[in-house]
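Here's the letter readout for the chains.
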Amino acid sequence: MKSLNSFCRFLVALLATTVPAAACTTAVISGRVTSDGRPLLWKNRDYSSAPHNEVVHLAGGRYRAIGVVTAGSYKSVWMGVNESGFCIENSLSLDLKSKTPSRGPGNGALIRQALESCATVDDFRQLLQKTDASGRVTCGNFGVIDAQGGAALFEVGRTSHRMLDANDPEIAPHGYIVRSNFSMTGQELPIHPTSEELSSISSAGRYLRACSLLESPTGERISAEFLVRHCTRDLADPQGRAIPGTVNGDSGLVPGKISTAETISRATTVSAAVFHGVRPGEDPRLTTMYSILGDPKFSIAVPCWAVMQSIPEVLQNPRGGALGEIALTLRDWSFSGGDEKNVQASLLPGLWKTLWPVEDQILEQTRAQRESQTTAVANPEPLETLSHRAAETAMAAMKKALRQTKQKVLSVQAPRPPVFEEKRAAVLVP
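Residues numbered from 1 in each chain as written. Predicted model: local features only at pLDDT ≥ 70, side-chain atom pairs only at ≥ 80, totals over all residues. Heavy atoms only, no water.

Quick word on the side chain of D36
Phase 1 of the analysis: On the secondary structure map, D36 appears in the loop between strand 1 (23-29) and strand 2 (40-46).
Phase 2 of the analysis: At a separation of 3.2 Å, a polar atom in the side chain of D36 contacts the side chain of R367. (Helix = DSSP H or I, 4+ residues; strand = E, 2+ residues; numbered from the N terminus. Polar contact = N/O pair within 3.5 Å; in protein donor to acceptor, adjacent residues only side chain to side chain.)

This is the structure in structure tokens:
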């Protein structure tokens, strides 16, 4: 039996290696270890088959909600928040896929159903209990937080689930639970596996790297801003060491080429989101989704709220939100020569110099706006105004970065100009 289990684990690892398109890195973080006592949730979406993403409203359910979807495809949602302050995301975990035939919602459809019907972590647990009986086509790790301080991760198969509470010191001694593309249940691992126990799992490197980022050696508490800047864009070598000159690395010049095969910010990363919850007693509608369309290395986070009447135009388009389409073009220019795993890093410092100060401004304004409303019933109007202004500011910076990068690319590749695909959302760049 032991040899059979080892063989099954080998097959799972092999399958994960041969299907790298659907790989994600996620974390659910209890308010007991965050900088402001509010829970956090994070996901990097890795899915090369769906590079075009957008932010959309979800209508028709019990709760008003917004989420990130594959552009033009609205039955499945991959991360989102509703007006009750309930947030959810997932990562694929094929080791939870049983051979038992089943019908019912898949990963993305389950997320949409939860956003439309759940207000709390316990509501989601009850939804899973109900669909355990009827069956699902799910195999994933689902991170959730709510406005009551709830924070949990669920390892979900077709007819069963396992809840891990991030507020439980025994389950999450450091206050967070990380997942990449495996589960402790499916791998028959303890809740806190050693690196040796993970050695045969292909996505274990990203899991260990994310854990190391969240466990600060200086004891600093985790913030939404840290997740946006330092986790979504992390570039590290196969040993888990940050690349010099990148966001988490030592100062200095970035190398000419950076492999993204095993790092968190990958060639296949198509979007990301960071959810900033509320403390118990605060208005749930203040719960914020920082959406990053496109590869986060080449994009800017924009705050969104479920109570907004309209999504910023540059985030929504059935062919892909325009902001994300610029990021996709910048990404394509940096993964040149048919090399889809190694980023040509020479363009990155200039991009970051243009984009990150603008994002800092957006993050600061968002936190200030949230704090100004925490002692009263939240007013959705200034939240929506801030989201639209932030989107406009981000888009202006992205266009500037596109112009600057185009000139750099032309200087080394002239006379053939870089291609901006016509099939992408129309973006007028002088």
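A look at helix 6 (residues 322-334)
Phase 1 of the analysis: Look at helix 6: 19 Å from first C-alpha to last across 13 residues, which is about the 18 Å you get at 1.5 Å a residue.
Phase 2 of the analysis: Looking at helix 6, one finds that the buried residues are A322, L323, G324, E325, I326, A327, L328, T329, L330, R331, W333 and S334. (Expected span 1.5 Å × (residues − 1). Buried < 20%, exposed > 50% of the residue type's maximum accessible area, 1.4 Å probe, protein only.)

Examining unusual backbone geometry
Phase 1 of the analysis: Backbone geometry places E188, a non-glycine residue, at a positive phi of 55 degrees.
Phase 2 of the analysis: Position of E188 among the secondary structure elements: in the loop between strand 10 (176-179) and helix 4 (204-214).
Phase 3 of the analysis: Taking relative accessible area as the criterion, E188 reaches 53% and is therefore assigned exposed.

So, the sheet that holds strand 1
Phase 1 of the analysis: One open sheet holds the six strands; their spatial order is 10-1-2-12-13-14, and the pairing between them is antiparallel. The open sheet has two edge strands, strand 10 and strand 14 (302-304), and neither has a second partner. On average, adjacent strands in this sheet sit at an angle of 15 degrees to one another, irrespective of strand direction.
Phase 2 of the analysis: Of the strand pairs in this sheet, strand 1 and strand 10 are connected by four bridges, and their pairing is antiparallel. Bridge pairing in strand 10 links T26 to R179.
Phase 3 of the analysis: Together, strand 1, strand 2 and strand 10 form the strand contacts of helix 4, whose direction differs from that of strand 10 by roughly 155 degrees. (Pairing = 2+ DSSP bridges. Axes fitted to C-alpha atoms, helices over the stretch in contact; angles between N-to-C directions. Contact = heavy atoms within 4.5 Å.)

So, the packing of helix 2 (residues 107-117) against helix 3 (residues 121-134)
Phase 1 of the analysis: Direction vectors running N to C along helix 2 and helix 3 enclose 130 degrees, while the axes themselves pass 10 Å from each other. With respect to helix 3, the axis of helix 2 lies oblique. The hand of the helix 2/helix 3 crossing is right-handed. Here helix 2 contributes L110, Q113 and A114 to the contact with helix 3, which in turn contributes F124, L127 and L128. (Parallel < 35°, antiparallel > 145°, perpendicular 65-115°, else oblique. Left-handed = near helix turned anticlockwise from the far one by under 90°.)

Things to note about the nonpolar core
Phase 1 of the analysis: If you look at the biggest cluster of nonpolar residues, it comprises 68 residues, and the most contacted ones within it are F275, M289 and L315.
Phase 2 of the analysis: For this core, the leading source of residues is helix 8 (residues 380-413), giving eleven residues.
Phase 3 of the analysis: Judged by nonpolar contacts, the second largest core, of 30 residues, contains A224, V228, C231 and I292. (Core = buried A, V, L, I, M, F, W, Y, C linked by side-chain atoms within 4.5 Å.)

Considering the sheet that holds strand 6 (residues 87-92)
Phase 1 of the analysis: Spatially, seven strands are ordered 3-4-5-6-7-8-9 in an open sheet, and the strand pairing comes out antiparallel. The two strands at the open ends of the sheet, each matched to only one other strand, are strand 3 (53-58) and strand 9 (161-165). Strand-to-strand twist across the sheet, computed as the mean angle between neighbouring axes with direction ignored, equals 20 degrees.
Phase 2 of the analysis: Note: strand 4 (residues 65-70) against strand 5 (residues 79-82), four bridges, orientation antiparallel.

Comments concerning the pairing of strand 4
A regular strand places its side chains on the two faces of the sheet in alternate fashion.
Phase 1 of the analysis: Counting buried positions over the six residues of strand 4 gives six, a clear majority of the element.
Phase 2 of the analysis: Relative to strand 4, strand 3 is paired through six bridges, and the arrangement is antiparallel. Within strand 4, the position partnered with H57 by the bridge is I66.
Phase 3 of the analysis: Hairpin remark: strand 3 followed by strand 4, antiparallel, with six residues in the connecting loop; positive phi at G60, about 100 degrees.

Regarding helix 3
Phase 1 of the analysis: Over its 14 residues, helix 3 runs 20 Å from end to end, which matches the ideal 20 Å to within 8%, given 1.5 Å per residue.
Phase 2 of the analysis: Taken together, the buried positions of helix 3 are occupied by V121, F124, L127, L128, T131 and D132. Down the axis of helix 3, the smallest arc covering the buried residues is 145 degrees, so these residues share one side. Away from the buried face of helix 3 by more than 90 degrees, exposed residues K130, A133 and S134 are located. (Arc of directions from axis to C-beta.)

A look at the packing of aromatic side chains
Phase 1 of the analysis: Inspection of every chain in the model, using the stated rule, returns five aromatic pairs.
Phase 2 of the analysis: Measuring from centroid to centroid gives 6.3 Å for F86 and F124, while their planes differ by 45 degrees, and the two rings are tilted. Placement of F86 in the loop between strand 5 and strand 6 and of F124 in helix 3 is noted, with a sequence separation of 38 residues between them. Across this residue pair, the class does not change: F86 and F124 are buried.
Phase 3 of the analysis: Both rings, one in F182 and one in Y207, keep their centres 5.3 Å apart while their planes meet at 70 degrees; by these two values the pair is edge-to-face. One end of the pair, F182, is in the loop between strand 10 and helix 4; the other, Y207, is in helix 4, with 25 residues separating them in the sequence. (Phe/Tyr/Trp six-rings, centres within 6.5 Å; stacked < 30°, edge-to-face > 60°.)

Observations concerning the environment of L58
Phase 1 of the analysis: Within the secondary structure layout, L58 lies in strand 3.
Phase 2 of the analysis: Sequence-distant contacts of L58, that is, excluding residues within four places in its chain, are made with Y63, R64, A65, V77, R112, L115 and E116.

Looking at the pattern of salt bridges
Phase 1 of the analysis: Within this structure, the stated rule accounts for 20 salt bridges.
Phase 2 of the analysis: Between R162 and E155 there is a salt bridge, and its shortest N-O distance comes to 3.9 Å.
Phase 3 of the analysis: E155 sits in the buried class, given a relative accessible area of 2%.
Phase 4 of the analysis: Linking R367 and E225 is a salt bridge whose minimum nitrogen-to-oxygen distance equals 2.6 Å. Remark: E225 occurs in helix 5 (residues 224-231) and R367 occurs in helix 7 (residues 348-371); sequence separation between them is 142 residues.
Phase 5 of the analysis: Classification of R367 as partly exposed rests on a relative accessible area of 21%.
Phase 6 of the analysis: One salt-bridge network, in which partners are shared between bridges, spans D36, R38, E225, R279, E282, R367 and E371. (Salt bridge = Lys/Arg side-chain N within 4 Å of Asp/Glu carboxyl O.)

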